[in-house]
Number of protein chains: 2
Amino acid sequence: MNLDSLYSELTLKTDAKLALIVLDGVGDIATREQGYLTPLEAAATPNLDALTKGSAQGRLIPVAPGITPGSGPGHLALFGYDPLEFQVGRGVIEALGLGLELRAGDVAARANFCTVNDQGIVTDRRAGRIDTKVCEELCEMLAEKVKKIGDTQVIIKAGKGHRFVVVFRGKGLEGPLTDADPHREGLPIPKVEPVKAKSAKAKKAAKLVADFYKAALPIIAKRKPANGFLLRGIAHQPIIPSFAYRYGLRAACIAVYPMYKGLAQLVGMNKLEGPQTIEDQFKRYLAEYDHYDFFFIHYKYPDMYGEDGNFAAKRKAIEEFDAALPILFQKRPDVIAITGDHSTPCVVKGHSWHPQPVLIHSALSGSDKLDRLTETGANTGSLGIFEAKYLMRLMQANARMFDKFGA
Amino acid sequence: MNLDSLYSELTLKTDAKLALIVLDGVGDIATREQGYLTPLEAAATPNLDALTKGSAQGRLIPVAPGITPGSGPGHLALFGYDPLEFQVGRGVIEALGLGLELRAGDVAARANFCTVNDQGIVTDRRAGRIDTKVCEELCEMLAEKVKKIGDTQVIIKAGKGHRFVVVFRGKGLEGPLTDADPHREGLPIPKVEPVKAKSAKAKKAAKLVADFYKAALPIIAKRKPANGFLLRGIAHQPIIPSFAYRYGLRAACIAVYPMYKGLAQLVGMNKLEGPQTIEDQFKRYLAEYDHYDFFFIHYKYPDMYGEDGNFAAKRKAIEEFDAALPILFQKRPDVIAITGDHSTPCVVKGHSWHPQPVLIHSALSGSDKLDRLTETGANTGSLGIFEAKYLMRLMQANARMFDKFGA
């Protein structure tokens, strides 16, 4: 029997409130330089500590041993979806990151302006890193003049510097396509092709991209240095079973940054707009307590400072999160999970594969008799070291959402 | 998406040097008789201890819970191959153990001399355990007289006592075949058959074995007690993707015993011949540092003394390994993994299923804050208790050999 079917079959309706709190990139590694302490271990976290005594701990393998995930696979796994089964293309992630509301079947591409010479050879892949303002102006011009190709709607949105995204919204489209990017200077922009040669939908999408180039290139032909553009990571938004369908939960996303709102929206969560700080986010949780069963609360800063390699700032971000926790405790969720979507060790200055610590607190979580949530303590917890995609199932179990299997 | 394909897709080229050091059978279990200490725990290992502070630990499940592996599956898993997918027949292992250089497609059989009566009934399955010298003489005689059968080359090599191996090297052959061995006295030698009835290649191999019996039996018919022979574990060398193909690594094997060289050769490692001690092996590593990316260094003695049930000798073997470690540290590999291919507990006097401890040391391994590498300490490490086949993937990750998965 398929495990997902079993979970689905055993799912019961309850009144429980569940909160998944993601401290982005919180996991780290202990090094000699930092006295063999991680930022989480070095941080003063009195409120988290108070929660820990009655909690179970463990560590989450984001995808598979040794695999470093991007935010997409990292979050899909936390939402309970197998990140190998549900892959979200780079273009889709980029579009979500700019706050575009994609629909299943939309084909999205990361785009950036470039410089081409008279022969169509790419001479600067980043168009001299033009200003965001210039990029916005060019995108507006393109959006104004290329609204549709055949029956397909074209959506263009500027990003930072030379970057933008293009979304094709129409019937019968599919990715992934090869890149319209030579990946180095001195070559022409290649034609895109379906990655899977036999897909008729991908062939249609490839034709669409070619037609888009035909329509768009003349519009900017005289706008040196940004007289051309490259498209990469061209993929469609996959069909993902919604949170409501999969878990029977009304889910809300309380995030600050667009990409995480976008990822939550991919699985059918409601985005609650407005909050700009973790205090605001917890207050919004209190305000919306009665309207949802599940709250995804995303805190960006441990990842951001981990990427900078700034140990002190990462520790401080964790402390600021901790200081806000009492707001959440005003109406304590029945099941709380606190974890990261991956580790972002300061010495790596980027995401990594190291399992992130996780804590589950509920009336049924039991206690691992640990005084703090730390990487080293979590190694010895009752949850063990397991794939992140099972966290949701443990949260459901803690919420008494599963009937007994078999007699 | 298939996980192996994902790993392959994410693999990057780096300059890192990786060393996999296998203390054969090092894992053990703590018993009251030995003061609840394992040989690894009882041993004085100052050099290993010094490495440990900056290392991650865990335990490796050789194949699956409760499965005791032979050296073949044990090492294939350490080399990153699923030992259930890539099965190496007993005949192949035996041939490798005698130092024969097999090629993909070769069919190999474990063989031993036996005694048969006038009616062809096996009366002694081990031919009175004849001397190795007699065995060698008989094998030479057979090898002299049966060099080919049809277009297939026959290779015969004596082992210890009554044991030898037979290798058939020709086109279109395949195993596995049933045994030409009644497995008890009082019965005739059975005809071999393909295990998978429909394989034409296995039918050809079965016919070949029958023809080999016809040619070989008359030659030794008068050599009582060794006037017959049995063939078991008849299998072909499977096609295994090479280390270079799978990981993009130039790999060298520095082992003393032929079987481990053979197993390394199966996955395309270069065998570096010569070293007879662990000091020699580490010196050879230093000498070859620039020529390879990956070094498999095999140390046999913990297993040997474990098989003897000799706790003191197993402990001493570990101490001797430790004493040689500073040679390796003269050019410290970027990623070091130290583990066993399985446990060989002294009370078992043989291989076992108990997960072996593993240590990974690199700039990115982080520290589990453990002072020693031991079974009990490894239980609390950040690597967790996981299948041995993933160790290579963690080594690759520690060598920064993987790109990020998804955006």
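Just so it is clear, the model here is predicted, and its values are computed rather than measured.

Parameters at a glance
- Residues numbered from 1 in each chain as written.
- Chains lettered and ligands numbered in written order.
- Predicted model: local features only at pLDDT ≥ 70, side-chain atom pairs only at ≥ 80, totals over all residues.
- Heavy atoms only, no water.
- Least-squares fit on C-alpha atoms with pLDDT ≥ 70 in both.
- Contact = heavy atoms within 4.5 Å.
- Salt bridge = Lys/Arg side-chain N within 4 Å of Asp/Glu carboxyl O.
- Polar contact = N/O pair within 3.5 Å; in protein donor to acceptor, adjacent residues only side chain to side chain.
- Phe/Tyr/Trp six-rings, centres within 6.5 Å; stacked < 30°, edge-to-face > 60°.
- Helix = DSSP H or I, 4+ residues; strand = E, 2+ residues; numbered from the N terminus.
- Buried < 20%, exposed > 50% of the residue type's maximum accessible area, 1.4 Å probe, protein only.
- Core = buried A, V, L, I, M, F, W, Y, C linked by side-chain atoms within 4.5 Å.
- Axes fitted to C-alpha atoms, helices over the stretch in contact; angles between N-to-C directions.
- Parallel < 35°, antiparallel > 145°, perpendicular 65-115°, else oblique.
- Left-handed = near helix turned anticlockwise from the far one by under 90°.
- Nonpolar A, V, L, I, M, F, W, Y, C, P; charged D, E, K, R; others polar.
- Pairing = 2+ DSSP bridges.
- Arc of directions from axis to C-beta.
- Right-handed = clockwise from strand over helix to strand, strands pointing away.
- Disulfide = S-S within 2.5 Å.

Undergrad: Looking at this model, I keep getting lost on the relation of the copies chain A and chain B. Mind explaining?
TA: Superposing the two chain copies requires a rotation about an axis and a translation along that axis. Least-squares fitting of chain A to chain B yields an RMSD of 0.3 Å, with the transformation described by 0.1 Å of translation along the axis and a rotation of 125 degrees. Expressed as a symmetry operation, the mapping of one chain copy onto the other fits a three-fold axis. When C-alpha distances to the rotation axis are compared across chain A, the minimum falls at threonine 380 of chain A, with a value of 3.0 Å. With a heterologous cut-off of 20% or less, the 3% of interface residues of chain A that recur at the interface of chain B puts this contact in the heterologous class.

Undergrad: Help me understand the interface of chain A and chain B, please; the structure alone is not making it clear to me.
TA: Many authors give the size of an interface as the accessible area that is lost as the parts come together. Between chain A and chain B, the contact holds 31 residues from the first and 29 residues from the second. Between chain A and chain B we count 1 salt bridge in total. Between lysine 369 of chain B and glutamate 41 of chain A there is a salt bridge; the shortest N-O distance is 2.4 Å. One can count 8 residue pairs in polar contact (both at pLDDT 80 or more) joining chain A with chain B.

Undergrad: Any chance you could explain the packing of aromatic side chains here in plain terms?
TA: The description of an aromatic ring pair uses the distance of the two centres, along with the angle that the planes make with each other. Residues and elements named next belong to chain B. For the structure on display, the rule yields 38 aromatic pairs over all chains. With a centroid separation of 6.3 Å and 90 degrees between ring planes, the pair formed by phenylalanine 79 and phenylalanine 243 is classed as edge-to-face. With a gap of 164 residues between them, phenylalanine 79 in the loop between α4 (71-78) and α5 (90-97) and phenylalanine 243 in helix α8 (residues 243-247) connect regions that are remote in the sequence. Taken together, a centroid distance of 6.0 Å and an interplanar angle of 75 degrees make the contact between tyrosine 292 and phenylalanine 295 edge-to-face. Both residues of the pair, tyrosine 292 and phenylalanine 295, belong to the buried class.

Undergrad: I would appreciate a short explanation of the nonpolar core in the present structure.
TA: In a soluble, globular protein the nonpolar side chains are often hidden away together inside. Membership of the largest hydrophobic core comes to 67 residues, with the highest contact counts inside it found for Leu20, Phe243, Met269, Phe294 and Phe296 of chain B. Among all residues touching phenylalanine 294 of chain B, those that are not within four sequence positions of it are Leu18, Leu20, Phe243, Leu249, Arg250, Ala251, Ala252, Met269, Met392 and Met395 of chain B. Counting residues in hydrophobic clusters, the runner-up holds 50 residues, among them Val92, Phe296, Met392 and Met395 of chain A.

Undergrad: Even after reading the chapter, I still don't get the packing of helix α10 (residues 278-288) of chain B against helix α12 (residues 311-329) of chain B, so can you show me in this structure?
TA: To characterise two packed helices, one gives the angle between the axes of the helices and the distance between these axes. All names here are of chain B. The interhelical angle for the contact between α10 and α12, taken along N-to-C directions, is 15 degrees, at an axis separation of 9 Å. Taken together, the axes of α10 and α12 are roughly parallel relative to one another. For the pair α10 and α12, the sense of crossing is right-handed. Taken together, the residues of α12 that come into contact with α10 (itself represented by Ile278, Glu279, Phe282, Lys283, Tyr285 and Leu286) are Glu320, Phe321, Ala324, Leu325, Ile327 and Leu328. For the contact of α10 with α12, a count of residues per class yields 9 nonpolar, no polar and 3 charged.

Undergrad: What is the right way to read the pairing of strand β2 (residues 55-61) of chain B from this model?
TA: Taken residue by residue, a regular strand's side chains alternate between the two faces of the sheet. Residues and elements named next belong to chain B. Counted residue by residue, β2 has 7 buried out of 7 residues, so it is predominantly covered. Side-chain alternation along β2 places Ser55, Gln57, Arg59 and Ile61 on one buried face and Ala56, Gly58 and Leu60 on a second face that is also buried. Two elements, β2 and strand β13 (residues 356-361), share 6 bridges in a ladder whose sense is antiparallel. For arginine 59, the partnering residue across the bridge sits in β13 and is proline 357. Where β2 lies against strand β14 (residues 384-387), 4 bridges are found, and the strand directions are parallel. Bridge pairing links glycine 58 to glycine 384 in β14.

Undergrad: Sorry, what's going on with the environment of leucine 272 of chain B here?
TA: Residue and element names in this part refer to chain B. As for its placement among the helices and strands, leucine 272 is situated in the loop between β10 (270-271) and α10. Spatially, the C-alpha atoms of leucine 272 and alanine 255 are 7.7 Å apart, while their sequence positions differ by 17 residues. In this view, leucine 272 contacts Ala252, Cys253, Ile254, Arg284, Glu288 and Tyr292; residues no more than four positions away in its chain are not counted.

Undergrad: How should I be thinking about the pattern of salt bridges in this particular structure?
TA: Side chains bearing opposite charge may pair, as long as their charged atoms lie close to each other. All told, the structure shown has 41 salt bridges over all chains when counted by the stated rule. The closest approach of N and O atoms between arginine 125 of chain B and aspartate 181 of chain B, which form a salt bridge, is 2.8 Å. Of the two residues, arginine 125 of chain B sits in the loop between β4 (122-124) and α6 (132-145) while aspartate 181 of chain B sits in the loop between β7 (163-169) and α7 (200-220), which places them 56 residues apart along the sequence. Just as arginine 125 of chain B is buried, aspartate 181 of chain B falls in that class too. Between aspartate 211 of chain B and lysine 214 of chain B there is a salt bridge whose closest N-O contact spans 3.9 Å. Of the two residues, aspartate 211 of chain B and lysine 214 of chain B both sit in helix α7, 3 residues apart, roughly one turn of that helix. Connected through shared salt-bridge partners, Asp4, Arg246 and Arg393 of chain A make up one network.

Undergrad: Honestly, the sheet that holds β2 of chain B in this entry has me stumped. Any pointers?
TA: Hydrogen bonds between backbone atoms are what pair the strands of a sheet, whose relative direction is either parallel or antiparallel. Residue and element names in this part refer to chain B. Pairing is mixed across the open sheet formed by 8 strands, whose spatial order is β10-β9-β11-β1-β12-β13-β2-β14. A single partner strand is all that each edge strand has here, and the edge strands are β10 and β14. Contacts from α4 reach β1 (18-23), β2, β11 (294-299), β12 (335-339) and β13 within the one sheet, and its direction differs from that of β1 by about 155 degrees.

Undergrad: Would you mind going over helix α11 (residues 301-308) of chain B with me for this structure?
TA: Residue and element names in this part refer to chain B. When we look at burial in α11, the residues that qualify are Pro302, Asp303 and Gly306. Seen end-on, α11 carries its buried residues on one side only, within an arc spanning 95 degrees. Of the residues flanking the end of α11, it is glycine 309, one or two places downstream, whose phi is positive at about 70 degrees.

Undergrad: Would you explain helix α1 (residues 3-10) of chain A in this entry?
TA: One turn of the α-helix equals 3.6 residues, which is why residues spaced by three or four share an orientation. Residue and element names in this part refer to chain A. Taken residue by residue, α1 has Leu6, Tyr7 and Leu10 as its buried positions. Along the long axis of α1, the arc covered by the buried residues comes to 100 degrees, so they all point the same way. The secondary structure elements touched by the buried residues of α1 are α14 (391-398). One side-chain oxygen of the residue at the start of α1 lies 2.8 Å from the amide nitrogen of aspartate 4, identifying that residue as asparagine 2.

Undergrad: What am I meant to see in the pairing of strand β9 (residues 251-254) of chain A here?
TA: Residues and elements named next belong to chain A. Of the two faces of β9, the one holding Ala251 and Cys253 and the one holding Ala252 and Ile254 are both buried throughout. One ladder, built from 4 bridges, connects β9 with strand β11 (residues 294-299); its direction is parallel. Across the sheet, alanine 252 pairs through a bridge with phenylalanine 295, a residue of β11. Relative to strand β10 (residues 270-271), β9 runs parallel, the two being bridged by 2 bridges. Each bridged residue has a counterpart across the sheet, and for cysteine 253 the counterpart in β10 is lysine 271. Note on the crossover from β9 through helix α9 (residues 258-266) to β10: the handedness is right-handed.

Undergrad: Any chance you could explain the environment of aspartate 15 of chain B here in plain terms?
TA: All names here are of chain B. By the element assignment, aspartate 15 lies in the loop between α1 (3-10) and β1. Here aspartate 15 falls in the exposed class, since its relative accessible area comes to 74%. Along the backbone, aspartate 15 and glutamate 288 are 273 residues apart, and their C-alpha atoms lie at a distance of 15 Å.

Undergrad: Got a minute to help me understand the state of the cysteines in this structure?
TA: Should the sulfur atoms of two cysteines be covalently bonded, the bond is a disulfide. Following the criterion strictly, the structure yields 0 disulfides over all chains and no others. The thiol of cysteine 135 of chain A is unpaired, and the distance to the nearest cysteine sulfur, on cysteine 139 of chain A, comes to 4.1 Å.

Undergrad: Honestly, the sheet that holds strand β12 (residues 335-339) of chain A in this entry has me stumped. Any pointers?
TA: Residue and element names in this part refer to chain A. As summarised here, the arrangement of the 8 strands in space is β10-β9-β11-β1-β12-β13-β2-β14, forming an open sheet in which the pairing is mixed. Looking at the sheet topology across the chains shown, the edges are occupied by β10 and β14 (384-387). Against the sheet, helix α4 (residues 71-78) engages β1 (18-23), β2 (55-61), β11 and β12, with an angle of about 155 degrees to β1.

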